[in-house]
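Remarks on the overall topology
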Amino acid sequence: MDYKYIEQLLERYWACETSLDEEAILRAFFRQKDVPAHLLPYKSLFAYADAARADGLGRDFDERILAQVERPTVKARRIPARRRMMPLFKAAAVVTVIVSLGAVGQHMFDRPRPDYDYDAYRDTYTDPQSAYGSVSEALQIVSESFRKSQTHENDSLSAVPAQKTTCKE
Amino acid sequence: MQEINFRNDILPLKDKLFRLALRITMNRAEAEDVVQDTMLRVWSQRDEWPALDSVEAYCLAVCRNLAIDRSRLQANRNEELDESTAERPDAADPHTLCVRNEQLELLDRLIGTLPEKQRTVLQLRDVEGKTYKEIAAVLQVSEEQVKVNLFRARRKIKEQYTEINDYGL
């Protein structure tokens, strides 16, 4: 077998003139079992690259790195989602507060007020004399009640109801 | 422009990023931390993804910078010379040495002695099969610079490797 080509390639290899393809040819050549004796010393040099290429990291490394890399992404997706909802919750809370305040206010201000429409009043008495009598009777009952409660409260003020009576008469 | 998805576009880069970080920090635990930091940083800047030419180049660049920062911190934590340091064997325990390919182990150590830039270029070219243009984008240097670094790295590895193999350690 002619090893001229290989020797030539080797020379160019040491001079760094070989292409990647030519280096692959050399590597393939030295990978075979029967390498001529004068080229044998270089066998290990090329086998070394093959052996070095077999080295690497295991699966546990993948898991470790993915645990560090992909967890933040999941987080990054989750937190914005929750944060995106936050303003909505806030807005809903504000709206609730305003609506309930409004309802309470409306309830307070819109309570039906007593009607003071004097024009709607009608006379119930035709005779002024009898009207006067009824009014004084009603007032007498009121003053009687006042007097009663006050005498219960304080005896020293018992003159006041008497005065009231005179005033009325 | 096609939309970039973390699970489908960024996470599958973990092995490449890990290998690059491992090449720079030379510590598996540190490299894993770097990849994690890289992914989290890229994730935190996801708003800028559509503006990127290549997400992969961007991730690799971030990863490289973080790894360099970390290995600087590591370098500052100088190891104290005490009894345990003196008693520790140079290589890993005999069992792992037997299990692993001694030659690959040796190459690993040789590459580890290269300057960071050469290590990164070698890793991206020979292990990850990147073009000079892509590597230049990751390192933010010219393609010429990439070639120069790669040339030096390959030459040094070849020289040291053949020297050790010819004369033994």
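Note that the coordinates shown come from a computational prediction; the quantities given were computed from them, not determined experimentally.

Rules used in this analysis
- By convention here, each chain's residues receive numbers from 1 onward along its written sequence.
- All chains are assigned letters beginning at A, and all ligands numbers beginning at 1, according to the order in which they are written.
- Only residues with pLDDT of at least 70 get local features here, since the model is predicted, and only at 80 or more are side-chain atom pairs given and counted; chain-wide, interface and lining totals rely on the full set of residues.
- Side-chain numbers here rest on the full set of heavy atoms in the structure, without hydrogens or water.
- Each reported salt bridge corresponds to a side-chain nitrogen of Lys or Arg within 4 Å of a carboxyl oxygen of Asp or Glu.
- A run of H or I in DSSP becomes a helix once it reaches four residues, and a run of E becomes a strand once it reaches two; helices and strands are each numbered from the N terminus.
- The buried label goes to any residue with under 20% of its type's maximum accessible area, the exposed label to any with over 50%, and the partly exposed label to all in between, with areas taken from a 1.4 Å probe on protein chains only.
- In a helix, the anticipated span is given by 1.5 Å times the number of residues less one.
- Here, two residues are considered to be in contact whenever any of their heavy atoms come within 4.5 Å of each other.
- By buried area we mean the combined loss of accessible area, with a 1.4 Å probe, across both parts when two parts are placed together.
- We define a nonpolar core as any set of buried Ala, Val, Leu, Ile, Met, Phe, Trp, Tyr and Cys residues linked to one another through side-chain atoms lying within 4.5 Å.
- As a rule, the C-alpha atoms of each element are fitted with a line to give its axis, helices using only the stretch in contact, and angles between N-to-C directions run from 0 to 180 degrees.
- Angle categories are assigned with fixed cut-offs, so that under 35 degrees is roughly parallel, over 145 is roughly antiparallel, 65 to 115 is roughly perpendicular, and the rest are oblique.
- Each residue is assigned to one class: nonpolar for Ala, Val, Leu, Ile, Met, Phe, Trp, Tyr, Cys and Pro, charged for Asp, Glu, Lys and Arg, and polar for all the others, Gly among them.
- For every residue, the predictor states its confidence as a pLDDT score lying anywhere from 0 to 100.

**Topic: the pattern of salt bridges**
Counted according to the given criterion, the structure contains 20 salt bridges over all chains. Here Glu-144 of chain A and Arg-147 of chain A are joined by a salt bridge, their closest N and O atoms 2.7 Å apart. Taken together, the residues span about one helical turn, with Glu-144 of chain A and Arg-147 of chain A both in helix 5 (residues 128-153) at a distance of three residues. Note on Arg-147 of chain A: relative accessible area 30%, which makes it partly exposed. Where Arg-70 of chain B meets Glu-30 of chain B, a salt bridge forms, and the shortest distance between an N and an O atom there is 3.3 Å. Of this pair, Arg-70 of chain B sits in helix 4 (residues 55-76) while Glu-30 of chain B sits in helix 3 (residues 28-44), placing them 40 residues apart in sequence. Taking the relative accessible area as the measure of exposure, Arg-70 of chain B reaches 23% and is therefore partly exposed. In this structure Glu-30 of chain B comes out as buried when scored by relative accessible area, which is 13%.

**Section: helix 8 (residues 116-127) of chain B**
All names here are of chain B. With twelve residues, helix 8 ought to run about 16 Å at 1.5 Å a step, and its terminal C-alpha atoms sit 15 Å apart, in line with that. Taking burial as the measure, the twelve residues of helix 8 include eleven buried ones, the bulk of the element. Three or more residues of helix 8 are buried, namely Glu-116, Gln-118, Arg-119, Thr-120, Val-121, Leu-122, Gln-123, Leu-124, Arg-125, Asp-126 and Val-127. Count one or two residues on from helix 8 and you reach Gly-129, which has phi positive near 65 degrees.

**Details of the interface of chain A and chain B**
If you look at the interface, chain A gives 33 residues, while chain B gives 36 residues. Of the roughly 3,200 Å² buried at the junction of chain A and chain B (both faces included), carbon and sulfur atoms supply 61%. When residues of chain A are sorted by the area they lose upon contact with chain B, Cys-16, Tyr-48 and Leu-57 of chain A head the list and together hold 21% of the total. The interface formed by chain A and chain B holds six salt bridges in total.

**Some details on the nonpolar core**
For soluble globular proteins, the rule of thumb is that nonpolar side chains tend to be buried together. Counting 72 residues, the largest nonpolar core has Leu-10 and Phe-30 of chain A together with Phe-6, Ile-10 and Met-39 of chain B as the members making the most contacts within it. Take this core: its biggest share by element is ten residues, from helix 4 of chain B. Once residues lying within four places of it in the same chain are set aside, the contact partners of Phe-6 of chain B are Ile-65, Leu-66 and Val-69 of chain A together with Leu-11, Pro-12, Met-39, Trp-43 and Trp-49 of chain B.

**Focus: the packing of helix 9 (residues 132-139) of chain B against helix 10 (residues 143-167) of chain B**
When two helices pack together, their arrangement is given by the angle between the helix axes and the distance between those axes. All names here are of chain B. Packing of helix 9 against helix 10 leaves a shortest axis separation of 8 Å and a crossing angle of 100 degrees. When the axis of helix 9 is compared with that of helix 10, the two are roughly perpendicular. Contacts between helix 9 and helix 10 involve Tyr-132, Lys-133, Ile-135 and Ala-136 on the former and, on the latter, Glu-143, Val-146, Lys-147 and Leu-150. Residue composition of the contact of helix 9 with helix 10, by class: five nonpolar, no polar and three charged.

**Details of the confidence of the model for chain A**
Overall, the prediction assigns chain A a mean pLDDT of 81, with 83% of residues at 70 or greater. No element of chain A has a lower mean pLDDT than helix 6 (residues 159-168) of chain A, at 51, and none a higher one than helix 1 (residues 4-14) of chain A, at 90.

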